[in-house]
Each structure stands twice: as structure tokens, then as C-alpha cells.
Amino acid sequence: MKIDIHDNQKKAAKEIVNHYNSVKVDNYPPVLLVAQPQSGKTGAVIYALEKIIENNKLKDPDSWTTVFWIGPSDVNLKQQTLERIESTSQTVKRNLLDATVYHMPDLLSSNNSNELLIKRYNEAKERKDYILVVMDEAHIGIGFDQTLPEFFKQRLGFFPGFEDSKEKVFTIIVTATPGSFLNYAGSKKKTSNGDSFRYVYLEPGKDYNSFKLMKQKGRIGDAYLVNDEASWYKFFHDQFIPFITGENGYFIFRMSKKYDFISKKLNEYSSKFSFNIKTYHSDYKNIAQLDEDLKQMPNNHTFCLIVGSYLQGKTFNDMKYVRGWWERVNKATTHTFIAQSAGRNCGYNNRNTYDYPIALHIEQFDDIIKFYDLASKGEWSKLEEDFLLNSTHLRKVNSANRTSTKIIWDLPKMFNTLKQAKEFLQQNSVDYRVATISGHSYKDLAAELNNNMINPHLGRSNGNKEKDAVVVYIDKPSSKYRKSYKELVKKMNGLSAIVFLRKKTNQQNLIVKSKDVYSKPFSYRKTTKI
């Protein structure tokens, strides 16, 4: 589907191009393009790439510009992006690395396409191409030990824009929810030109259906967990009856994979009230079918259960037969989840004329509106310091009295043995858990400690309760990270356990700053030996 490039997209693209042209260093600081869901990010990026490619050709006719476009692990979104590029800009299409768009699984070392990808990238580097990297939907895979940083650092030797390199790589980070990226970027050293990245905000175009507009029209309600008879009774009267007594259409109900109760109740009521149930499950690989089904008027009221997939970034082309929308609410519900999933209701194509109700976590929804208001005013420093859309990497923790806990690790205490560390904590009645080096096969815990960083969520037990202390036990190396383990053992100089104590400060409606939440620097020179 061809994208018509509008004035708001051209304006954002011009900012990106100007940044590219103004920076005269080998490793360009990246651009962070922030925009509301479905407001035109892809079109703005395609237009910016086209202009950069054309400018490079003008100043250096013998040069070539390679575009390395990376998206999340969604085959349907990957195909949608490729189709949009092919139909919108032949220039960008021609310059795509290996003539395709990559997604997260392509970056994994276990994937056969990984070696070919690296080969093509190295060929572009050897030709001395200008290299443009697009990280689309970059709230996914941007954690400290996640796919994007790991792929670039381990396989290509650096992470574009954050580590000095003599390669001419310009990176555009694209997301509607930049919390994860800002958390990552805030911990990294600045590049040689003293800049970390540059913000660009894409203003929504004419007739855009925004979260704020939906709230102003009274379409937003507060969702709740439907997991027992009492909550089902409430849902039955608030949502179910109005839906099945109205015009035929679809009711979108999103849930986690543990959906036995609601599925059981709907099946129980389906014959009595004569409605249909359709399940779209990531395990069934039929998520893409939902977009096709929504284009057709159903012959009966139909509940669409979406299980195990966010459908983030994927556009629903037709919403006129939707009669209701319900977002899941549980401990895992974050700002990012709400903005990305409920964001499928945002956009153009007459979406501002729809009036079906949408239920979601209302407090987080209000936060999202506030976030985009600040972004539209360019108040980025305020967003960085006081207000980040949280994600699975950065979560706002609410208690019954609506306070939040700021996690700050005190100076660590060092022990010769694990037993001594435990005795110290038990004698002081401190609730703790033990984290071992060998038990962290999914992340390089030893490397974090070598780099004077500590993740506060090491204090989280299996029940998700934060402990007041964590003992890091240097027991033996993880099979994947032997080198960093050896470095840590050398630094510890015979000691085998580190205790991190947690300080707590409570304030009304406190939202944790990224630098306090994800990592707390410490120095071995400042530790206390016991």
C-alpha cells in the first residue's frame, strides 16, 4: 500500500535530514523519532531516507548508501513495512541491505539468515558505503542484554550511535513508546561529539484520532481483571449486554495466555445468547487473519479473543465493524503495552468518527496522554527526568495507597563466603535473595558487575516481591560468559559474595527515573569488606 507523504511527515523528515547533514563525525549520534501510534512514523522515515540517499549521491556520485532496516519479531509487520517501502520509494527499496527488511529473529545467531546478514553488512562496510540503520518499533529488544545491542556489539563490534566507531553509521530509532530506549541510552557514554542522541517529534496530521480525542469523546472506560464470578457479573452487565443487543459487529477482547475463565464463560453463554467466538492466538499463527476478518460485516455478534500477541505496530485497515474494545489488566500491564495495543484504535481513515467504547487501565492511559502532551512541546528533559512511559524494563509500581518505591542500592558489602553474607543479613533481619553468576545464563551478570552496574530487579523473587537485599554469589561461570567471570574473580581478590542493600523512599505518585531504576553504579574501591 503506497503511503502519501504529508506535511507533518515532511517536517519531521527534514529535522532528521538536517541532523544528518549537520554532524561531521564518523559515528553519528542517532535520532530518536517519537510519534503517537499510527500517526505516520514509517512514511516520515522513508521520506527522510530518500532525501539522505539523494543528498549523498549529489555530493559523492560514486558512493552508495545502504539501508539496514530492523523491525520486531512479527512476520506480518515485517511484510507490511516492506510493502510500504516498495510502493512508496523505489530509491529506498533499491538501497535496502540485501533488498529486504529484517526483523529480530534474523539477528539471532541461531538463525540461518544471521550469517548472510553479517556478510552483506560487512560487504557494505568494505565498499565504504554510507550506512543508514533504522530500528523500527525500538521499544522491543532494546534492553541491556537484549537482541539489538547484543547483535551489534557481539557480531559487528559496536552499537551504532553509542560507541565510538570509525564506520559512518547513522541510526534512526523509531517508536511510539521510548521508555526502554531512554533507559538504555541514559546509561551509555556519549559519543565523541559529546551528544547521545537527538529527539524528533512527529506531529499528528489532520483528522488524526488521538488518545486525547477518544477520552474527550467519552469513549474510554476503566478495565478490570475478569477472573471470577463477581468480575464476570460486572462485565456481563457493563459490556456484554450492550454489545449483544446492539448492531452486529466485533468485540475485541485481549488477554494473556491464561484465559481459561473468560473463555469458559463465553462458551457457556454463546448458545444461550447466540453469538460467535473467534480466537486469534500467536500459537495458532492466525493473528494476521484478524485484520482480514475485521473488513467484513459479521453475520452475528462476534467476540474476538486475542491471546499471546500484542499486534504492536501492525495497522488494522478497517475498524468500522468494531463495537467494543477491552484491554487486559494484570501485573504485566505497562504503559508500553497500553499505548501499543490500544494504539491500534488511533490513526486516520475516519477513525475519529467511530464511537465504540474502549476499556483499559485508565491511570496509565492518562499518563500516556500527558507524555505526548509534553513531547509535543519539546519538553524532553522533563520527560527524561520525571516521566517515562514504562515497559517490562522500567515499571511503575503502585500500592493500594498509590505510592511508588524508588529503588536505590546502597554501597555493597563484600564477604569471603556466601555463608557469611547470609549470616550478616539474618542477624540484621533483612529480607534477601541470592543471585548466582552461574544461574544467569540469559544475561552476563559478571559483565554488569565488572562495569560497576547493578540491576535492582535482582532483588525480585519468583513471586515478584522486591527483597530488601540481594546477595550476588560468585560461584562459577555461566557457560556463555566465562571471560567476564574470570575478570570478576580477579577483581574480587578472593572474596566470593557481594551484598547490595536497598534504600526506600516513598513519595506520592513518584515515578522512578531511569538512571535510578535500571542501574546503580558502584565502585569496588568504595565497598565495605566484612
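Scroll up to find the structure.
Calculation rules
- Residues numbered from 1 in each chain as written.
- Predicted model: local features only at pLDDT ≥ 70, side-chain atom pairs only at ≥ 80, totals over all residues.
- Heavy atoms only, no water.
- Helix = DSSP H or I, 4+ residues; strand = E, 2+ residues; numbered from the N terminus.
- Buried < 20%, exposed > 50% of the residue type's maximum accessible area, 1.4 Å probe, protein only.
- Contact = heavy atoms within 4.5 Å.
- Areas by Shrake-Rupley, 256 points an atom, 1.4 Å probe, with all protein chains shown as cover.
- Pairing = 2+ DSSP bridges.
- Axes fitted to C-alpha atoms, helices over the stretch in contact; angles between N-to-C directions.
- Phe/Tyr/Trp six-rings, centres within 6.5 Å; stacked < 30°, edge-to-face > 60°.
- Lys NZ or Arg CZ within 6 Å of the ring centre and 35° of its normal.
- Salt bridge = Lys/Arg side-chain N within 4 Å of Asp/Glu carboxyl O.
- Arc of directions from axis to C-beta.
- Polar contact = N/O pair within 3.5 Å; in protein donor to acceptor, adjacent residues only side chain to side chain.

1. Re the overall build of the protein
Across its full length, the protein holds 19 helices and 18 strands. A buried classification covers 55% of the 530 residues belonging to the protein. By sequence separation, contacts in the protein at least 24 residues apart represent 80% of the contacts at least 6 residues apart. Taken as a whole, the protein presents about 23800 Å² of accessible surface, with 47% of it coming from carbon and sulfur.

2. Regarding the sheet that holds strand S5 (residues 169–175)
Pairing within the open sheet is parallel, and its six strands lie in the order S3-S2-S4-S5-S1-S6. Bordering the open sheet on either side are strand S3 (102–103) and strand S6 (198–202), each of which pairs with just one other strand. The pairing of strand S4 (residues 130–135) with S5 spans five bridges and is classified as parallel. Note that in S5 the partner of Val-134 across the bridge is Ile-172. On top of the sheet, helix H2 (residues 41–59) reaches strand S1 (31–35), strand S2 (65–71), S4, S5 and S6; it is set at about 160° to S2, its chief contact.

3. Overview of the packing of aromatic side chains
Applying the stated criterion across every chain yields a total of 30 aromatic pairs. One Lys or Arg, Arg-219, reaches over the ring of Tyr-356 and ends 4.5 Å from the middle of that ring. Lying across the ring of Phe-337, Arg-328 places its NZ or CZ 4.2 Å from the centre.

4. Some remarks on the pairing of S4
Judged by how many residues are buried, S4 sits mostly within the fold: six of six residues are covered. Relative to S4, S2 is paired through six bridges, and the arrangement is parallel. By the bridge assignment for S4, Val-67 is matched with Leu-132.

5. Notes on the pattern of salt bridges
With the rule as written, the count across this model stands at 16 salt bridges. We note a salt bridge from Lys-212 to Asp-373, for which the minimum N-O separation is 2.9 Å. Linking Lys-212 in helix H9 (residues 211–216) with Asp-373 in helix H14 (residues 362–376), this pair joins segments that are 161 residues apart in sequence. Residue classification places Lys-212 among the partly exposed residues on the basis of a relative accessible area of 35%. As a salt-bridge pair, Arg-323 and Glu-247 come within 3.7 Å of each other at their nearest N and O atoms. Here Glu-247 lies in the loop between helix H10 (229–244) and strand S8 (250–255) and Arg-323 lies in strand S11 (residues 322–326), a separation of 76 residues in the sequence.

6. Some details on unusual backbone geometry
Within the chain, Asp-98 stands out as a residue other than glycine whose phi angle is a positive 60°. Along the chain, Asp-98 falls in the loop between helix H4 (90–95) and S3. Given a relative accessible area of 33%, Asp-98 falls into the partly exposed group. Phi is positive for Ser-274, close to 55°, though the residue is something other than glycine. Note that Ser-274 resides in the loop between helix H11 (260–273) and strand S9 (276–281).

7. Description of helix H12 (residues 287–294)
What H12 keeps buried is the set Ile-287, Leu-290, Asp-291, Asp-293 and Leu-294. Along H12, the residues classed as buried sweep out an arc of 165° about the axis, all on the same side. Those residues of H12 that are buried are in contact with S8, S9, strand S10 (302–307) and S11.

8. Side note on the side chain of Thr-88
Inspection of the secondary structure assignment puts Thr-88 in helix H3 (residues 75–88). Overall, Thr-88 belongs to the buried group, its relative accessible area being 17%. Of the polar contacts made by the side chain of Thr-88, one reaches the backbone oxygen of Arg-84; its length is 2.6 Å.

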